[in-house]
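Per-entry structural report
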Amino acid sequence: MSKACLVLARITGRLHLWLLTTFILGVAAGSFSEEHKENQLRLSYAFLMCRNHSLARWMFAKMLRRELDRSFDSNMVLAQLAWFLRRTRLSLLLYGRTERDLSETSHAAIAASVRKFLEGVLSDRIYDEISAAAAQIPRPGKGGGPIVVTVVSTRFLDVFRIWLRQVQRNTPWHGLVIALDAETAAAVRASSGCSVLDVSAWFRFDEHGRLDRFNGNTLWILRVLTLRALVNQGWDVISLDIDAIVVGDLEAMLKSLPGSDVVAQMDYSIPMDVARRFGFILCCGFMVIRSNERTIRFLDQYCARTALEMDDQLALNHLLADAGLSNRVQTEALLSFQSSGLSWLCPAASLVSRDIGYGSVVRHFPLMDRSASVVMQSLGLPEQSAEYTQEAAAGSDSLRGS
Ligand SMILES: [Mn+2]
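For clarity, every value in this text was computed on a predicted model and none was experimentally measured.

With that settled, the discussion passes to the overall build of the protein. On a plain count of helices and strands, the protein comes out with 16 helices and 13 strands. Expected size for 402 residues packed as a compact globule is a radius of gyration near 21 Å; at 21 Å, the protein falls within 12% of this value. Structurally, the protein occupies a C-alpha span of about 60 × 50 × 40 Å along its principal axes. Long-range pairs, those at least 24 residues apart, make up 64% of the contacts in the protein between residues at least 6 apart in sequence.

Here the focus is the packing of helix 7 (residues 106-122) against helix 11 (residues 213-232). Their axes nearest at 9 Å, the elements helix 7 and helix 11 cross at an angle of 25°. Relative to helix 11, the element helix 7 is oriented roughly parallel. As for the relative orientation of helix 7 and helix 11, their crossing is left-handed in sense. On the side of helix 7, the interface is formed by Ile 110, Ser 113, Val 114, Phe 117 and Val 121, while helix 11 contributes Phe 214, Asn 215, Thr 218 and Ile 221. Its residues assigned to classes, the contact of helix 7 with helix 11 shows six nonpolar, three polar and no charged.

We now examine the domain arrangement of the protein. Accessible area lost upon the coming together of the parts serves often as the stated size of an interface. The assigned domain composition of the protein is domain 1 (3-122) and domain 2 (136-398). Look at where the C-alpha atoms of domain 1 and domain 2 centre, and you get two points 29 Å apart. Taken together, the contact between domain 1 and domain 2 spans 11 residues of the former and 12 residues of the latter. Mapped onto the side of domain 1 that touches domain 2, the elements with two or more residues apiece are helix 5 (72-84) and helix 7. The element contributing the most residues to the side of domain 1 that touches domain 2 is helix 7, with seven residues. When the residues that make up the side of domain 1 that touches domain 2 are grouped by side-chain class, the tally is seven nonpolar, four polar and no charged.

With that settled, consider the pairing of strand 3 (residues 195-198). A two-sided burial pattern is seen for strand 3, the buried positions comprising Ser 195 and Leu 197 on one face and Val 196 and Asp 198 on the other. Sheet analysis places strand 2 (residues 174-179) next to strand 3, joined by four bridges and oriented parallel. The residue of strand 3 that forms the bridge with Ile 178 is Leu 197. Crossover connection from strand 2 via helix 10 (residues 182-191) to parallel strand 3: handedness right-handed.

Criteria and thresholds
Residues numbered from 1 in each chain as written. Predicted model: local features only at pLDDT ≥ 70, side-chain atom pairs only at ≥ 80, totals over all residues. Helix = DSSP H or I, 4+ residues; strand = E, 2+ residues; numbered from the N terminus. Rg over C-alpha atoms; globule rule 2.2 N^0.38 Å. Contact = placed C-beta atoms within 7 Å. Axes fitted to C-alpha atoms, helices over the stretch in contact; angles between N-to-C directions. Parallel < 35°, antiparallel > 145°, perpendicular 65-115°, else oblique. Left-handed = near helix turned anticlockwise from the far one by under 90°. Nonpolar A, V, L, I, M, F, W, Y, C, P; charged D, E, K, R; others polar. Domains from an automatic or database assignment. Buried ≥ 20, exposed ≤ 12 C-beta atoms within 10 Å, placed from the backbone. Pairing = 2+ DSSP bridges. Right-handed = clockwise from strand over helix to strand, strands pointing away.

Set out below in structure tokens:
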């Protein structure tokens, strides 16, 4: 791929010229760039954004003819583009073909896990299994608190101990851990008191315990399906990334803010086109969803859109962008608005920060390779061993793929 193409695509992408960006990266550039993952991501995003244009199918056909079977990456990108076009059968065929051609390799296992997962999404089987598992979670008494959900893999078990202790420092809220591997499921079940959703069947890790990026999409879809199941069953849900640590009294903050259907973190990141339009985006690392008819309806839509876009944050912000914002009010403490039939509220960054250095209630930061002790130090938490709370481990349930 020529350098001129890459530079040009960066400019057309910045200008939100999605068709042109797709044309440059997918058709004119000669081949998918193997060495620049960034360009593959730019191509898939541009294609997602112009998927409804009549030329999108033509460009896809061109790419398919040229790129099929060139490499694992090119097949996985093609399968994803087919999925964006809602050509789900073709998409599944492409994952299946990749799986067969690379049989017995780790790449084949990734293609297989994505294919089986998407089949389960299409048939609603995965949602039904998550719903059944969610129904086993012990209910708090009347007026009991919300459920707090996070996603954990073995790499992050140490940080999880800090995360959990901080969540429960002021409140006895029940936790639900979406466990990405069997070791995590066992460890959390054995000693944390949290319920566990074992989704290890859908994930493959490399030797450093990292998820392949194509497998990463599975995670975002699974999380939204879980939020939907819980809200449907009447739970108010607090969804926190493992790198979003509670440092203050979250319950007091939520009580002090005006009522809303959703509370979410404000950020300025992907999808950048929405960030430029609104001046912010909603970040999925910290979200509170109150269960009611409106949020139940919205989550149906949100799940469908996340399954299509394969990303929860892109889908959420695109839904808001489609619906537009009204009654926008900004004060020192918050931003609030209406969109998609819901009331939304974002606490100011002084309360919920996207940085490890400040944020009086929640700090959500890029974890990168920070160790648990560095996290504690950076957050100014006392140096004591972060023990699990020893409640009875109840309500654990597993979700296994085939
Ligand atoms: Mn995060």
